[in-house]
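Residue strings, one per chain:
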Amino acid sequence: MTAQGRGRGLDAEGYIEREGSLARVPEAFRPVVAAARDRLRDVFGARLDGAYVYGSIPRGTAREGRSDLDLLLSLHDGPTEADRADARVLEAALDQEFAEIDGVGTLLFSRARLLSDLERHDLGWFVACLCTPLLGEDLAGHLPRYRPDALLARETNGDLALLLPRWRERIAAAEDTDEARRPLVRSMSRHLVRTGFTLVMPRWNGWTSDLGEMAGAFGAYYPERASEMREAATAGHEPTGDPAVLHSYTHDLGPWLAREYTRVHGVKAPRP
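Overview of the structure. All of these numbers come straight from a predicted model, not from anything done at the bench.

Brief notes about the overall build of the protein chain
Secondary structure assignment for the protein chain yields 11 helices and 4 strands. Taken over the C-alpha trace, the protein chain has a radius of gyration of 18 Å; the compact-globule value for 272 residues is 19 Å, and the two agree within 12%. Overall, the protein chain is about 50 × 50 × 40 Å in size when its C-alpha atoms are taken along their principal axes. The buried share of the protein chain, reckoned over its 272 residues, is 48%. Long-range pairs, those at least 24 residues apart, make up 77% of the contacts in the protein chain between residues at least 6 apart in sequence. Entry remark: accessible area of the protein chain is about 12,800 Å², with carbon and sulfur atoms responsible for 50%. Distance from the positive charge centre (35 side chains) to the negative charge centre (42 side chains) of the protein chain: 4 Å.

So, in structure tokens, the structure goes:
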């Protein structure tokens, strides 16, 4: 079974549109976004080239008390351990102060890496299409426009086979409790759904960040795995601590998806 590409998330010329904006931030989340913007200036000062917010908050789909605040920082130089420590302190302070969010995550990269040829169809695309400018120069002006093609599919998620051993290590190192496993289920569920979607993205001919829609697009082309992907999409929002779910991800769905991804799109270019 196949589905006809809908062009969702594309402009009139077939390029992926930037999906978020500060205007779409729900009213309840505007104070935390404003606080993050102000404190990033204070904490990173001259080291900061620019900052972005991404995820459900700038898409306007965040849920109070359930959604996290996702930030990406562009630094003038490569991030140091001191930068990462500063980010963790800021994350903890915002999470404690604002009940509207359930955690804060911060990605740190150098400006040079975000604009590098190697990252042009991975981090560069992420900044240009999935990140909303918060502070500083918008690097999207230095990046191309992107189509939902096989090159983008390969360079965004063509490394699942490399990630699976690390996932198994993280699972083995986690405490044997539902509370410790839930964050793993949440993050791995989301990663698998997004990988499943980008596997079929060139045929679906569009872009979405909605996990349910991603799973539906995947299932139209792989009906034999559709129910597993729908369950993963649900777990991405409402994770359980069931160890069987993690085992299925790392020993069944994940390995199968990695093999199929390599067959269809090839392997992501190696990173240093």
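So that's the structure; there's more coming.
Digging into the state of the cysteines
The full count for this structure, using the stated rule, is 0 disulfides. The thiol of Cys129 is unpaired, and the distance to the nearest cysteine sulfur, on Cys131, comes to 9.6 Å. Cys129 sits in the buried class, given a relative accessible area of 2%.

Remarks on the packing of aromatic side chains
Per the stated rule, a full pass over the model turns up 7 aromatic pairs. Centroid distance Trp125 to Trp207: 5.1 Å. Interplanar angle 80°. Geometry classified as edge-to-face. One end of the pair, Trp125, is in helix H5 (residues 123–130); the other, Trp207, is in the loop between helix H8 (178–204) and helix H9 (211–221), with 82 residues separating them in the sequence. Both residues of the pair, Trp125 and Trp207, count as buried. Ring geometry for Phe218 against Trp256: centres 6.2 Å apart, planes inclined by 85°, an arrangement best described as edge-to-face. Highlighted residues: Phe218 in helix H9 and Trp256 in helix H11 (residues 243–265), separated in sequence by 38 residues. Above the plane of the ring of Tyr15 lies Arg147, whose end atom (NZ or CZ) is 4.0 Å from the centre.

Structural notes on the nonpolar core
Ranked by size, the top nonpolar core spans 54 residues in total, and within it Leu72, Trp125, Trp207, Phe218 and Leu257 carry the most contacts. When contributions to this core are tallied by element, the ones reaching two or more residues are strand S1 (48–54), H5, helix H6 (150–157), helix H7 (160–173), H8, H9, helix H10 (226–237) and H11. Here this core gets 10 residues from one element, more than from any other, and that element is H8. Residues within four places of Leu72 in sequence aside, it is in contact with Gly50, Ala51, Tyr52, Tyr54, Leu107, Phe109, Leu114, Phe126, Val127 and Cys131. In terms of nonpolar packing, the next biggest core, distinct from the first, is built from 26 residues, Leu40, Ile57, Phe98 and Leu135 among them.

Examining the layout of surface pockets
Here the second largest pocket defines a volume of roughly 160 Å³. Along its surface, the second largest pocket is lined by Glu228, Glu231, Ala232, Ala235, Glu238, Thr240, Val245, Ser248, Tyr249 and Leu253. Elements with a minimum of two residues in the lining of the second largest pocket: H10 and H11. Among the residues forming the lining of the second largest pocket, the class breakdown is 5 nonpolar, 2 polar and 3 charged.

Some words on the sheet that holds strand S3 (residues 104–110)
Sheet architecture is open: 4 strands sit in the order S3-S2-S1-S4, paired in mixed fashion. For this open sheet the edge positions go to S3 and strand S4 (131–136), each flanked by a neighbour on one side alone. In this sheet, adjacent strand axes meet at a mean angle of 25° when their direction is disregarded. In terms of strand pairing, S1 meets S4 through 5 bridges, oriented antiparallel. Its bridge partner lying in S4, Ala51 is registered against Leu135. Across the sheet, helix H1 (residues 30–44) lies against S1, strand S2 (69–75), S3 and S4, angled at about 30° from S2, the strand it touches most. In the packing of H5 onto the sheet, contacts are made with S1, S2, S3 and S4, and the angle to S4 comes to roughly 90°.

Quick notes on the side chain of Asn157
Among the structural elements, Asn157 can be located in helix H6. Accessibility expressed as a relative area gives 10% for Asn157, which makes it buried. Among the polar contacts made by the side chain of Asn157, one reaches the side chain of Thr198 at a distance of 2.9 Å. Not counting chain neighbours up to four residues away, the residues in contact with Asn157 comprise His191, Arg194, Thr195, Thr198 and Tyr261.

Rules behind the numbers
- Residues numbered from 1 in each chain as written.
- Predicted model: local features only at pLDDT ≥ 70, side-chain atom pairs only at ≥ 80, totals over all residues.
- Heavy atoms only, no water.
- Helix = DSSP H or I, 4+ residues; strand = E, 2+ residues; numbered from the N terminus.
- Rg over C-alpha atoms; globule rule 2.2 N^0.38 Å.
- Buried < 20%, exposed > 50% of the residue type's maximum accessible area, 1.4 Å probe, protein only.
- Contact = heavy atoms within 4.5 Å.
- Areas by Shrake-Rupley, 256 points an atom, 1.4 Å probe, with all protein chains shown as cover.
- Lys, Arg positive; Asp, Glu negative; His and termini not counted.
- Charge placed at Lys NZ, Arg CZ, Asp CG, Glu CD.
- Disulfide = S-S within 2.5 Å.
- Phe/Tyr/Trp six-rings, centres within 6.5 Å; stacked < 30°, edge-to-face > 60°.
- Lys NZ or Arg CZ within 6 Å of the ring centre and 35° of its normal.
- Core = buried A, V, L, I, M, F, W, Y, C linked by side-chain atoms within 4.5 Å.
- 1 Å grid on protein atoms, 1.4 Å probe; cavity = no way out; pocket = protein on both sides within 12 Å on 5 of 7 lines; lining within 4 Å.
- Points joined across faces, edges and corners; volume = space filled by probe spheres on them.
- Nonpolar A, V, L, I, M, F, W, Y, C, P; charged D, E, K, R; others polar.
- Pairing = 2+ DSSP bridges.
- Axes fitted to C-alpha atoms, helices over the stretch in contact; angles between N-to-C directions.
- Polar contact = N/O pair within 3.5 Å; in protein donor to acceptor, adjacent residues only side chain to side chain.

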